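# Overview (structure and organization)
Chain by chain, the residues:
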Amino acid sequence: MNPAEDPKSSRFLKACRREAVDCTPIWIMRQAGRYLPEYRALREKHAMLELAKTPELAARVTLQPVERFDLDAAILFSDIMVPLWGMGVPFRIEESIGPVIDNPIRGAAQIHALRTFDAAGDVPFVTESIRLVRAELGSRIPLIGFAGAPFTLASYLIEGKSPRRFRYTKALMFDEPKLWDELMTKLTDTVIEYLKAQVEAGAQALQLFDSWAGSLSPTQYAAYAFPHSQRIFQALKKAGVPLIHFGTETATLLDQMGAAGADVVGADWRVPLDQAWKKVGETRGIQGNLDPAMMFASFDVIRKEAALILDLAGSRPGHIFNLGHGILPETPVDNVARLVDFVHENSPRTSR
Ligand code: CP3
């Protein structure tokens, strides 16, 4: 078949634009990762960040899940922390802990000293990886680029590791709003520059990961995070690719996340999909939202839950199937293959 006629080549992008599709597209957050034996095999020889920094390897890992499953999009293999190198913040990724920063950014002097990020000079390997993946994928399926949202990046910078209680982050936010604003503005500038560079290199959609936004109340989110995320979506509109906005524990924030300006909002599994969509607003698409822990259950359980989610989306255009957060290490690979096929075979055709 001529690739231009293959519905799979455009299914994901069409759903992002809320156009009719032949069936519901599906991709999976963290689809390239430790649940895949072929990823673990590469990790025996290379550290995670070495994979991300070496274009040939990053491209290979990006394509691993796409070769195994009938997914509707690829997502670049990297990490939300990568652009922080360009701001002069060294970090490492520790096994089962995640990103670690030895000298967390907690004071005025450190915030003033953060460097201006320059995509071409600081992360040439990211744009090169994107070019390699696009050359391999051709018009088969689109490639998603991504960045961490300013609030989530700030939490890592300030806490120094995966935040639990947000003690230092919120102290800075509440006690020193001017300094908070300076930090968030610098992170926002970085994210805009980073995402623009990804689109120029060939990314066909972008996802902004605000994984920790759910630690904020609606009032806090409105004052301390929303204006910055909104500036990112405003700046990226001109790039012309669909924009996705994701966070977890965001049931009380979904209206604001919709208003921030993305085309699609990702919901976690704690909110029924139809309620999440209502809060986001039906002029946006919705992404989600199967509980990643459910992937360890028998396929009968997964099938019922996936059918329920498809049913809650109904025949409205604009649903992209995903998990409600990243896929967990040790998830049975066979359940992933079956889920992907189930979604394609059992989703309603959308109409306008
Ligand atoms: O989705 C994909 O397949 C693309 C790759 C990707 C990674 N990290 C690879 C990775 C993406 C999109 C991310 C984003 C990311 N990184 C987020 C936002 C998404 C989310 O899950 O909330 C966050 C919060 C991070 C920070 C981070 N990096 C964490 C929490 C961890 C995991 C810690 C652990 O070991 O459980 C990492 C490391 C990381 N990033 C791994 C991968 C595949 C595991 C590292 C390894 O191979 O050992």
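See the structure printed just above.
Residues numbered from 1 in each chain as written. Predicted model: local features only at pLDDT ≥ 70, side-chain atom pairs only at ≥ 80, totals over all residues. Heavy atoms only, no water.

### Looking at the overall build of the protein chain
What counts is decided by this rule: Secondary structure follows DSSP: runs of H or I at least 4 residues long count as helices, runs of E at least 2 residues long count as strands, and numbering of each begins at the N terminus. Radius of gyration: over C-alpha atoms. The globule rule applied is 2.2 Å multiplied by the number of residues raised to the 0.38 power. Categorising residues by exposure relies on relative accessible area from a 1.4 Å probe, with only protein chains included: less than 20% of the type maximum marks a residue as buried, more than 50% marks it as exposed, and the intermediate range marks it as partly exposed.
Assigned secondary structure in the protein chain consists of 16 helices and nine strands. The C-alpha radius of gyration of the protein chain comes to 19 Å, within 12% of the 20 Å expected for a compact globule of 352 residues. The principal-axis extent of the C-alpha atoms belonging to the protein chain is close to 55 × 45 × 40 Å. Within the protein chain, buried positions represent 58% of all 352 residues.

### Examining empty space enclosed by the protein
Let me state the cut-off plainly: Buriedness of a pocket was judged along seven lines, with at least five required to meet protein on both sides within 12 Å; pockets are open sets of points on a 1 Å grid over the protein atoms alone, cavities are sets where a 1.4 Å probe fits but cannot get out, and lining residues have an atom within 4 Å of a point. Grid points are joined across faces, edges and corners, and a volume is the space filled by probe spheres set on the points. Charged residues are taken to be Asp, Glu, Lys and Arg, nonpolar residues to be Ala, Val, Leu, Ile, Met, Phe, Trp, Tyr, Cys and Pro, and polar residues to be all remaining types, Gly included.
Evaluated as defined, the whole model comprises two cavities of 30 Å³ or more. Roughly 60 Å³ of volume is contained in the largest cavity. Forming the boundary of the largest cavity are Ala15, Val21, Thr24, Leu310, Ala313, Gly314, Arg316, Gly318, His319, Pro348 and Thr350. Counted by class, the lining of the largest cavity contains five nonpolar, five polar and one charged residues. Lining the second largest cavity, in full, are Leu195, Leu206, Gln207, Leu208, Ile232, Phe233, Leu236, Leu243 and Ile244. Those elements that provide at least two residues to the lining of the second largest cavity are strand 5 (205-210), helix 12 (226-237) and strand 6 (243-247). Among the residues making up the lining of the second largest cavity, the classes are represented as eight nonpolar, one polar and no charged.

### Observations regarding the site of the ligand
Applicable threshold: Residues are labelled near a given molecule or strand when at least one of their non-hydrogen atoms is within 4 Å of it. Whenever a nitrogen or oxygen atom comes within 3.5 Å of another N or O atom, the pair is scored as a polar contact, on the condition that within protein one atom can donate a hydrogen and the other can accept it, and that pairs from neighbouring residues in sequence are kept only if both atoms are in side chains. For the accessible areas, the method is Shrake-Rupley and the probe is 1.4 Å, while residue cover comes only from the protein chains on display. Grid points define the cavity or pocket, and a molecule sits in it when more than half of its atoms lie within 2 Å of them.
Taken together, 24 residues lie around the ligand, and Arg30, Tyr39, Asp79, Ser211 and His325 are the ones closest in. Here an oxygen atom of the ligand sits 3.0 Å away from a polar atom, N or O, in the main chain of Ala32. Contacts to the ligand include Arg43, whose side-chain N or O atom sits 2.8 Å from an oxygen atom. In isolation the ligand offers 870 Å² of accessible surface; the protein chains occlude 93% of this area. The site holding the ligand turns out to be the largest pocket. Elements supplying a minimum of two residues to the shell around the ligand: helix 2 (37-45) and strand 3 (98-100). Here the residues of the shell around the ligand are counted per class, giving 14 nonpolar, six polar and four charged.

### A look at the pattern of salt bridges
Here is the rule we go by: The working definition used for a salt bridge is a side-chain nitrogen of Lys or Arg within 4 Å of a carboxyl oxygen of Asp or Glu.
Using the criterion set out here, one finds 15 salt bridges in the structure. The salt bridge involving Asp72 is made with Arg11; its shortest N-O contact spans 2.8 Å. With a gap of 61 residues between them, Asp72 in the loop between helix 4 (55-68) and strand 1 (74-75) and Arg11 in helix 1 (residues 7-16) connect regions that are remote in the sequence. You'll find Asp72 and Arg11 in the same group, each marked buried. Ionic pairing is found between Lys186 and Glu182, a salt bridge with its closest N-O pair at 3.9 Å. Here Lys186 and its partner Glu182 are both found in helix 10 (residues 177-201), four residues apart, which amounts to about one turn of the helix. We classify Glu182 as partly exposed; its relative accessible area is 24%. Overlapping salt bridges bring together Arg11, Asp22 and Asp72 as one network.

### Side note on the sheet that holds strand 4 (residues 143-148)
We count it as follows: For two strands to count as paired, DSSP must find a minimum of two bridges between them.
Strand order in the open sheet made by the seven strands is 1-4-5-6-7-8-9, with parallel pairing throughout. The open sheet has two edge strands, strand 1 and strand 9 (319-323), and neither has a second partner. Sheet topology places strand 8 (residues 285-290) next to strand 9; five bridges connect them, and they run parallel. Across the sheet, residue Leu290 finds its bridge partner in strand 9, namely Leu323.

### A look at the layout of surface pockets
Empty space within the largest pocket amounts to approximately 1,500 Å³. Taken together, 49 residues make up the lining of the largest pocket; nearest its centre are Arg30, Arg34, Gly98, Pro99 and Tyr156. Among the elements of the structure, helix 2, helix 3 (48-53), strand 2 (92-94), strand 3, helix 8 (150-159) and helix 9 (167-175) are those that each provide at least two residues to the lining of the largest pocket. A per-class count over the lining of the largest pocket returns 27 nonpolar, nine polar and 13 charged.

### Comments concerning a positive patch on the surface
Under the convention used in this document: Patch definition: residues above 30% relative accessible area lacking any salt bridge, with like charges linked at up to 9 Å and the nonpolar side chains Val, Leu, Ile, Met, Phe, Trp and Tyr linked at up to 5 Å. Within this scheme the basic residues Lys and Arg register as positive and the acidic residues Asp and Glu register as negative, but His and the chain ends are omitted. We put the charge of a Lys on NZ, of an Arg on CZ, of an Asp on CG and of a Glu on CD.
The grouping of Arg106, Lys161, Arg164, Arg165 and Arg167 at the surface amounts to a positive patch. Topologically, Arg164 is positioned in the loop between helix 8 and helix 9.

### Description of the packing of aromatic side chains
We count it as follows: Here the aromatic set is Phe, Tyr and Trp, taking the six-membered ring for Trp, and pairing holds for ring centres within 6.5 Å; pairs whose planes are under 30 degrees apart are stacked, those over 60 apart are edge-to-face, and all others are tilted.
What the rule picks out here adds up to twelve aromatic pairs. Pairing Trp85 with Phe125 gives two aromatic rings, centres 6.4 Å apart and planes at 75°, and the pair type is edge-to-face. A residue pair is termed long-range when its members are at least 10 positions apart, and Trp85 in the loop between strand 1 and strand 2 and Phe125 in helix 7 (residues 124-137) qualify at 40 residues. With a relative accessible area of 12%, Phe125 lands in the buried category.

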